[in-house]
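One letter stands for each residue in the lines below.
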Amino acid sequence: MTLNGAAPVQAVVPSTLARFLRLRPVPASGSTVPIPLETDTPGFATSYLRGYLRPRDHVNITAGVENLFDRNYYEHLNLRLPADPANDFAQTIVLSPGITPYIGVEVEY
């Protein structure tokens, strides 16, 4: 028994901790065939940091940050909004979100 009357911990809960840092390079796209409402897009690279902790056999905690360095970019077939319908839908490009943190807990039962 310990000083406060509680029994000592009999076992240490095993846990797994992992971290990942990844880079995602995307080359510029171009087309020799004109396609309506499709434009060439510049290349870009984004990175993300992700980690998880597994404190128990059936519990997984995941957290991360997408677009770690807050790059402005847009995917080739990303959303394009019509800026002026009278001008043959001249496009306004919608950039992908900046730094995006997330966290999640998964419990298996």
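**Focus on the confidence of the model for the protein**
No. 1: Summary statistics for the protein give a mean pLDDT of 76 and a share of 62% for residues scoring 70 or more.
No. 2: Low confidence marks residues 9-13, where pLDDT is under 50. Its contacts with residues over four positions away, or in another chain, come to two contacts.

**Section: the environment of His76**
No. 1: Relative to the elements of secondary structure, His76 occurs in the loop between β3 (59-66) and β4 (80-84).
No. 2: Taking the relative accessible area as the measure of exposure, His76 reaches 26% and is therefore partly exposed.
No. 3: Note: C-alpha distance between His76 and Ser29 (47 residues apart in sequence) is 7.0 Å.

**Notes on the packing of aromatic side chains**
No. 1: Enumeration according to the criterion identifies one aromatic pair in this entry.
No. 2: An angle of 25 degrees between the planes, with centres 4.4 Å apart, marks the rings of Phe44 and Tyr73 as stacked. Of the two residues, Phe44 sits in strand β2 (residues 44-56) while Tyr73 sits in the loop between β3 and β4, which places them 29 residues apart along the sequence. The two residues Phe44 and Tyr73 agree in class, both being buried.

Quick notes on the rules
Each residue is numbered by its place in its chain's sequence as written, counting from 1. For a predicted model such as this one, the threshold for reporting local features is a pLDDT of at least 70, and the threshold for listing and counting side-chain atom pairs is 80 or more; totals across whole chains, interfaces and linings nevertheless cover every residue. Each side-chain value is derived from all of the structure's non-hydrogen atoms; neither hydrogens nor water enter the calculation. Values of pLDDT, the confidence the predictor places in each residue, fall between 0 and 100. Note on definitions: a residue-residue contact is assigned when non-hydrogen atoms from the two residues lie within 4.5 Å. In this description a helix means any DSSP run of H or I spanning at least four residues, a strand means any run of E spanning at least two, and both kinds are numbered starting from the N terminus. Three labels apply to residues, based on accessible area from a 1.4 Å probe with only protein chains included: buried if under 20% of the type maximum, exposed if over 50%, partly exposed otherwise in between. What counts as a ring pair is set by centres within 6.5 Å for rings of Phe, Tyr and Trp (its six-membered ring), and what kind of pair is set by the plane angle: stacked under 30 degrees, edge-to-face over 60, tilted for all other angles.

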